[in-house]
Amino acid sequence: MMTATLDFKHVNKSYGTASGPIEALRDFNLEVGDGEFISIVGPSGCGKSTLMSMASGLAFPSSGSISVKGERVTQPVTDLGIVFQTDVLLDWRNVLDNILIQPEMRGLDRRAYETRARELLKMVGLEGFEKKYPYELSGGMRQRVSICRALIHEPPLLLMDEPFGALDALTREQMVIELHQIWLKTRKSVIFITHDIQEAVLLADRVVVMSPRPGRIAEIIETHLPHPRRPATMETPRFVSLVAQVRHVFEKHGVLKVYDPE
Ligand SMILES: Nc1ncnc2c1ncn2[C@@H]1O[C@H](COP(=O)(O)OP(=O)(O)OP(=O)(O)O)[C@@H](O)[C@H]1O
Ligand SMILES: [Mg+2]
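Conventions and cut-offs
Residues numbered from 1 in each chain as written. Chains lettered and ligands numbered in written order. Predicted model: local features only at pLDDT ≥ 70, side-chain atom pairs only at ≥ 80, totals over all residues. Heavy atoms only, no water. Pairing = 2+ DSSP bridges. Helix = DSSP H or I, 4+ residues; strand = E, 2+ residues; numbered from the N terminus. Contact = heavy atoms within 4.5 Å. Axes fitted to C-alpha atoms, helices over the stretch in contact; angles between N-to-C directions. Domains from an automatic or database assignment. Salt bridge = Lys/Arg side-chain N within 4 Å of Asp/Glu carboxyl O. Polar contact = N/O pair within 3.5 Å; in protein donor to acceptor, adjacent residues only side chain to side chain. Nonpolar A, V, L, I, M, F, W, Y, C, P; charged D, E, K, R; others polar. 1 Å grid on protein atoms, 1.4 Å probe; cavity = no way out; pocket = protein on both sides within 12 Å on 5 of 7 lines; lining within 4 Å. Points joined across faces, edges and corners; volume = space filled by probe spheres on them. Phe/Tyr/Trp six-rings, centres within 6.5 Å; stacked < 30°, edge-to-face > 60°. Buried < 20%, exposed > 50% of the residue type's maximum accessible area, 1.4 Å probe, protein only. Lys NZ or Arg CZ within 6 Å of the ring centre and 35° of its normal.

**Some points on the sheet that holds strand S1 (residues 6-17)**
Across a sheet, paired strands are connected by hydrogen bonds in the backbone, their directions being either parallel or antiparallel. Across the sheet, four strands lie side by side as S2-S1-S4-S5; this open sheet has antiparallel pairing. Strands with a single pairing partner mark the edges of an open sheet, and in this sheet they are strand S2 (20-32) and strand S5 (71-72). Pairing geometry for strand S4 (residues 63-68) and S5, over two bridges, is antiparallel. In the strand pairing of S5, Val68 is matched with Glu71. On the sheet, helix H1 (residues 48-55) packs against S1, S2 and S4 and is oriented at approximately 115 degrees with respect to S1.

Printed below as a string of structure tokens:
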């Protein structure tokens, strides 16, 4: 069998706090295949960001194990790209220099990576913005720059923790379609965390639906939607039924309340 890009095995995570331990995750099991797009949806506090920190080696499971490319994660993983909810661009560096932070810190040849950075900017529709500063960009543009930065060192795995949470609804929809295009072109393994059921379904091969804290996998739903996915995909019966399926899981776990007519 092929080695999974990312593998969570019986992962439990508790945090020690002043008022006693908080159980954040319980028996989380997931194998992310090469080039697979996984969406994770779940209520606030169910341990989604905790999964990201553990996958990147910034936090560790209380029990169970996590491996990246067959190697157990015991220290910060450098071979991955991370995109957070708010872009963490440096205000004093222009777009190009923000994207080149990683190669620069690793002492790699700037010229080689600069070509790649320009290609990435073109791919996300920001050709010509190389010398702009973050304050000159809209929220959507800044988040696109963050995505370029996460991709610059060609990581096999991309972790995205509510990357579009701070954007307005229209920009967000646009970015979702763009992310899909980027994924079709690069075929990275992606873990995409969101609160938005539609977004989760539209992008994913598999949608991991989580229950409230302690976070457990309530269900994993394979989408089998045809590629490329477009805004019109959301009007198809298959898409509508997948969204309903996720919603029903949340209703079953009391995350979404069902109101009966009186
Ligand atoms: N460093 C920490 N110390 C103590 N408790 C923590 C810590 N980090 C997270 N927690 C707790 O663990 C649980 C899971 O947190 P986490 O941030 O992973 O949730 P989340 O699913 O990402 O939520 P959201 O959707 O709001 O971002 C929460 O109850 C949170 O309070
Ligand atoms: Mg979070």
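After that view of the structure, there is still more to cover.
**Observations regarding the domain arrangement of the chain**
As assigned here, the chain comprises domain 1 (1-79 + 166-262) and domain 2 (89-154). One C-alpha centre belongs to domain 1, the other to domain 2; they are set 26 Å apart. Counting from both sides, the interface comprises nine residues of domain 1 and, opposite them, 11 residues of domain 2. Inspection of the region where domain 1 meets domain 2 yields two salt bridges. The salt bridge involving Glu178 is made with Arg144; its shortest N-O contact spans 3.3 Å. Taken together, domain 1 and domain 2 are joined by four residue pairs in polar contact (both at pLDDT 80 or more). Here the residues of the side of domain 1 that touches domain 2 sort into three nonpolar, three polar and three charged.

**Looking at the layout of surface pockets**
Roughly 330 Å³ of internal volume is contained in the largest pocket. Along the wall of the largest pocket there are 18 residues; nearest its centre are Leu80, Gly81, Ile82, Phe84 and Gln102. Of all the secondary-structure elements, those providing two or more residues to the lining of the largest pocket are strand S6 (80-83), helix H3 (101-105) and helix H5 (139-151). Looking at the lining of the largest pocket residue by residue, the classes come out as 10 nonpolar, six polar and two charged. Among the domains, domain 1 (1-79 + 166-262) and domain 2 (89-154) are the pair contributing at least three residues each to the lining of the largest pocket. Size it by volume and the second largest pocket reaches roughly 150 Å³.

**A look at the environment of Arg72**
The residue Arg72 is located in strand S5 in this model. Look past the residues within four positions of Arg72 in its chain and what remains in contact with it is Gly64, Ser65, Ile66 and Ser67.

**Thoughts on the packing of aromatic side chains**
Scanning the model with the defined rule gives four aromatic pairs in all. Geometrically, the ring pair formed by Phe37 and Phe192 is tilted, given 5.9 Å between the ring centres and 50 degrees between the ring planes. Residue Phe37 is located in strand S3 (residues 37-41), and its partner Phe192 is located in strand S8 (residues 189-194); the two are separated by 155 residues in the primary sequence. Accessibility expressed as a relative area gives 0% for Phe37, which makes it buried. Both rings, one in Phe164 and one in Phe192, keep their centres 6.0 Å apart while their planes meet at 50 degrees; by these two values the pair is tilted. Note that Phe164 is positioned in the loop between strand S7 (157-161) and helix H6 (169-186) and Phe192 in strand S8, a separation of 28 residues in sequence. Of the two residues, Phe164 and Phe192, neither departs from the other in class, the shared state being buried. Three or more aromatic residues link up through ring pairs in this structure, and these residues are Phe37, Phe164, Trp183 and Phe192. The side chain of Arg187 reaches across the aromatic face of Trp183, ending 4.3 Å from its centre.

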